[in-house]
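# Understanding the architecture of this molecule
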Amino acid sequence: MDFIVELFYFLKYRKKYWMIPLICTLLALSLLMIATGISALSPLIYSVF
């Protein structure tokens, strides 16, 4: 949890606001990849895409 807090402090201090959407997109894609690995959710996600 400290890593996330330090990351946001770094982004705020260095004014790297353009990285926030990039990090959120990568996080969402990684969660989607994890969700497709679960066999119960796979048919649902594949039918959406």
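Fair warning: this is a prediction, and the values are worked out from it, not measured in the lab.

## What about the overall build of the chain?
Within the chain one finds three helices and zero strands. Each helix (α) and strand (β) of the chain, taken in turn from the N terminus, gives the series α-α-α. Here the chain holds 49 residues, and 8% of them are scored as buried. A total accessible area of about 4,600 Å² is found for the chain, and carbon and sulfur atoms account for 75% of it.

## Examining unusual backbone geometry
Note: most residues except glycine have negative phi, and most peptide bonds are trans. Located in the positive-phi region is K15, a residue other than glycine, with phi close to 55°. Take K15: it is sitting in the loop between α1 (2–14) and α2 (19–37). Residue K15 is classed as exposed on the basis of its relative accessible area of 59%.

## Details of α1
For α1, spanning 13 residues, the distance from its first C-alpha to its last is 18 Å, which sits close to the expected 18 Å at 1.5 Å a residue. With one of its 13 residues buried, α1 lies for the most part at the surface. Count one or two residues on from α1 and you reach K15, which has phi positive near 55°.

## A closer look at a nonpolar patch on the surface
On the surface, W18, L22, L26, L29 and L32 cluster together to form a nonpolar patch covering roughly 510 Å² of accessible area. Mapped onto the elements, L32 comes out in helix α2.

What counts and what doesn't
Residues numbered from 1 in each chain as written. Predicted model: local features only at pLDDT ≥ 70, side-chain atom pairs only at ≥ 80, totals over all residues. Heavy atoms only, no water. Helix = DSSP H or I, 4+ residues; strand = E, 2+ residues; numbered from the N terminus. Buried < 20%, exposed > 50% of the residue type's maximum accessible area, 1.4 Å probe, protein only. Areas by Shrake-Rupley, 256 points an atom, 1.4 Å probe, with all protein chains shown as cover. Expected span 1.5 Å × (residues − 1). Patch = residues over 30% accessible without salt bridge, like charges linked within 9 Å, V, L, I, M, F, W, Y side chains within 5 Å. Salt bridge = Lys/Arg side-chain N within 4 Å of Asp/Glu carboxyl O.

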